Amino acid sequence: PKTLKERLSELVPEKQEEIKKIKKEHGAKSLGNVTVDMAYGGMRGIKGLIWEGSVLDPDEGIEFHDYTINECRELLPKADDGEEPLPEGLFWLLVTGEIPSKEQVQALSAEFAARSAIPSFVEDLIDRCPNTLHPMSQFSLAVTALQHDSNFAKAYQTGVNKNEYWLYLYEDAMDLISKLPNVAGRIYRNVYKDGKVPPIEPDRDYSYNLAKILGYSDNKDFVELLRLYLTIHSDHEGGNVSAHTTRLVGSALSDPFLAFSAALNGLAGPLHGLANQEVVRWIFHMKDVIGESPSDETVKEYVWNTLKSGKVVPGYGHAVLRKTDPRYTAQRDFALKHLPNDPLFKLVSQLYNIVPGVLHEHGRTKNPWPNVDAHSGVLLQYYGLVEQNYYTVLFGVSRSLGVLSQLIWDRALGFPIERPKSYSSALIRKMFEGQ
Ligand code: FCX
């Protein structure tokens, strides 16, 4: 079977032709209107990006090249001992639009393992971080430092032809994804354990190896959870903060390490990826305040108190989604199968029954339903990975698969430096008040 790079080399010229044709035939057509409200409102609803790997439907949720999460769970190759999809296969799908064979996925697992070593100065850098530095900050620092060995940055310096950018981009993307378990695992071991990092096993899959470095690979179900987790957190179309940041920074021809570390800094915000940490913190606080098995009425009151004190209910709401996030549902399925009687899962389920009603009554949020972050923490807690400040790091490992697959295409398709036009409020007034 073909390797990913071989298949990609066939697809790149085809796609370049396709885009040329689209631009020729439809280039002058409008994607919609931009209003003053949109410009003030975080560009919500402006259709101004092309993102090939996934599209988010407000009602159906994310589709990776037309495959829903359920279809991915069914169709993507599995480990011999597992039922959840291997994220390596999802990466293949994101890059090519095609479901890979099991052999192709195994080859990717082997390649990720083979490229996984990180330079000793990056190990030292991580080791020197104080345990009080948030794991996401350590993560971003380390990814920036990996820039030292960027193929793309070196090739640019030697004056490579821009038609060949994507080849170097591809090598960097593969290196970066491969090295993340060693980076993320080292941070975890340093901050929460004894600092000893076990070696990657060259013949095991990516999720097993990440679980091993974290110290949880003896539990088959945890490895399965990671396979699911890394698959569903990978990509959520192009406008979310981490995806758009990768695109934006990469468009200046900053290499993938610089672009992805910038994305991690965005993912570390509480309205984005840090919400998975915040959800667990908020539920624990709820338990402290109203007890382990509260009545629906007291839960409702707790949710109202959060809203009345001017805070968001973490894990609920979304800028694009208007129904329950299928990533939430996939994790709920997993919980129903593996931990149906877990007390924390029961609380999460109770919140699922109560929060949407309260948010609806509150009347501000456009989407009262839970997103991916409302459910991920409880699963990790169950298997003993209880350090919630670490959770966004796992989100970041997964997000690399989506944003880097697109970054390869950004360079293969020659997308230009991003530079939308901005106006000042004074100019808006001048334009519409005619002074
Ligand atoms: N709790 C309380 N208020 C909420 C809310 C929530 N969960 N979600 C939205 N709102 C509020 C907004 O703060 C806004 O208030 P304002 O009018 O006073 O400014 C109003 O409702 C309208 O916002 P809305 O258009 O519905 O949502 P946005 O697109 O502006 O924001 C996020 C989307 C996701 C940022 C928002 O729903 C939120 O803050 N949720 C909680 C944090 C969270 O779970 N983030 C993770 C999202 C995601 F899945 C991820 O990136 O990981």
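By the naming in an unreviewed UniProt entry, the protein chain goes by Citrate synthase and is assigned to Gigaspora margarita.

Draft legend 1. Highlighting the site of the ligand. Around the ligand sit 21 residues in total, of which A275, G317, A319, T365 and N371 are the nearest. Here the residues of the shell around the ligand are counted per class, giving 9 nonpolar, 9 polar and 3 charged.

Draft legend 2. Local environment of the packing of helix α6 (residues 120–128) against helix α7 (residues 135–146). The geometry of α6 relative to α7 is characterised by a closest axis approach of 10 Å and an angle of 160° between their N-to-C directions. Viewed along their axes, α6 and α7 adopt a mutual orientation that is roughly antiparallel. By crossing handedness, the relation of α6 to α7 is classed as right-handed. Contacts from V122, L125 and I126 of α6 reach α7 at Q138, L141, A142, A145 and L146. By residue class, the composition of the contact of α6 with α7 is 7 nonpolar, 1 polar and no charged.

Draft legend 3. Looking closely at the pairing of strand β1 (residues 54–57). What you see with β1 is a clean split: S54 and L56 sit on the buried side and V55 and D57 on the side with no burial. When β1 meets strand β2 (residues 61–64), the two strands line up antiparallel, connected through 4 bridges. Of the residues in β2, the one forming a bridge with V55 is E63.

Draft legend 4. Molecular detail of the nonpolar core. By size, the foremost hydrophobic cluster in this structure holds 113 residues, and its most contacted members are F139, A173, A184, F260, L404 and I408. By residue number, the principal contributor to this core is helix α9 (residues 165–192), which donates 14 residues.

Draft legend 5. Summary view of unusual backbone geometry. Of note in the backbone geometry, H65 takes a positive phi value of approximately 45° without being a glycine. Note that H65 resides in the loop between β2 and β3 (67–68). Even without being glycine, D66 reaches a positive phi, approximately 80°. C-beta crowding within 10 Å serves as the criterion here: with 10 such atoms nearby, D66 is assigned to the exposed category.

Draft legend 6. Quick look at the sheet that holds β1. Strand order in the open sheet made by the 3 strands is β1-β2-β3, with antiparallel pairing throughout. One side of each edge strand has no neighbouring strand; the edge strands of this open sheet are β1 and β3.

Draft legend 7. Molecular detail of the UniProt feature "active site" (unreviewed entry) in the protein chain. As recorded in UniProt, the sites labelled "active site" (unreviewed entry) are H272, H318 and D373. Across 102 residues of sequence, these annotated residues stay compact in space, with a maximum C-alpha separation of 10.8 Å. Position of H272 relative to the elements: it lies in the loop between α13 (256–267) and α14 (275–290). Contact partners of H272, with chain neighbours within four places excluded, come to N240, V241, S242, G266 and L267. With 28 C-beta atoms counted inside 10 Å, the residue D373 sits in the buried group. The residues contacting D373, other than those within four sequence positions of it, are A275, N276, V279, P314 and G315.

Draft legend 8. Spotlight on the environment of V36. Mapped onto the fold, V36 is located in helix α2 (residues 36–40). On a C-alpha basis, the gap between V36 and I428 in space is 7.9 Å, while along the polypeptide they are 392 residues apart.

Draft legend 9. Here's a closer look at helix α11 (residues 220–232). Its 13 residues place the ends of α11 19 Å apart at the C-alpha level, agreeing with the 18 Å of an ideal helix rising 1.5 Å per residue. With respect to burial, α11 is a largely interior element, 11 of its 13 residues being buried. Within α11 the residues assigned to the buried category are F222, V223, E224, L225, L226, R227, L228, Y229, L230, T231 and I232. Against α3 (69–75), α4 (87–96), α10 (206–214), α16 (326–338), α18 (373–382) and α19 (391–412) lie the buried residues of α11.

Draft legend 10. Representation of helix α20 (residues 425–433) in the model. With 0 of 9 residues buried, α20 lies mostly on the surface of the structure. Remark: G434 follows α20 within two positions and exhibits a positive phi of approximately 60°.

Draft legend 11. Spatial organisation of the packing of helix α12 (residues 241–251) against α19. Remark: α12 packs on α19, axes separated minimally by 10 Å, with the N-to-C direction vectors making an angle of 35°. For the element pair α12 and α19, the recorded crossing hand is right-handed. Contacts from S242, A243, T246, R247, G250 and S251 of α12 reach α19 at R399, G402, V403, Q406, L407 and D410. When grouped by side-chain class, the residues that make up the contact of α12 with α19 number 3 nonpolar, 6 polar and 3 charged.

Draft legend 12. Up close: the pairing of β2. Connecting β1 to the antiparallel partner β2 that follows it, the hairpin turn spans 3 residues. Summarising the sheet, β2 and β3 pair through 2 bridges and their orientation is antiparallel. Each residue of the ladder has a partner; that of F64, found in β3, is Y67. Following β2, the chain reverses through 2 residues before pairing antiparallel with β3; H65 in that reversal takes a positive phi of roughly 45°.

Draft legend 13. Just the environment of V34, in detail. With respect to the helices and strands, the residue V34 is situated in the loop between α1 (4–26) and α2. As for V34 and K15, which are separated by 19 residues in sequence, their C-alpha atoms are 29 Å apart. Every residue in contact with V34, bar those within four places of it in the chain, is listed here: A39 and I46.

Conventions used here
- Residues numbered from 1 in each chain as written.
- Predicted model: local features only at pLDDT ≥ 70, side-chain atom pairs only at ≥ 80, totals over all residues.
- Near = placed C-beta within 6 Å.
- Nonpolar A, V, L, I, M, F, W, Y, C, P; charged D, E, K, R; others polar.
- Axes fitted to C-alpha atoms, helices over the stretch in contact; angles between N-to-C directions.
- Helix = DSSP H or I, 4+ residues; strand = E, 2+ residues; numbered from the N terminus.
- Parallel < 35°, antiparallel > 145°, perpendicular 65-115°, else oblique.
- Left-handed = near helix turned anticlockwise from the far one by under 90°.
- Contact = placed C-beta atoms within 7 Å.
- Buried ≥ 20, exposed ≤ 12 C-beta atoms within 10 Å, placed from the backbone.
- Pairing = 2+ DSSP bridges.
- Core = buried A, V, L, I, M, F, W, Y, C linked by C-beta atoms within 7 Å.
- UniProt positions renumbered as here; feature names shortened; annotations may be inferred.
- Expected span 1.5 Å × (residues − 1).

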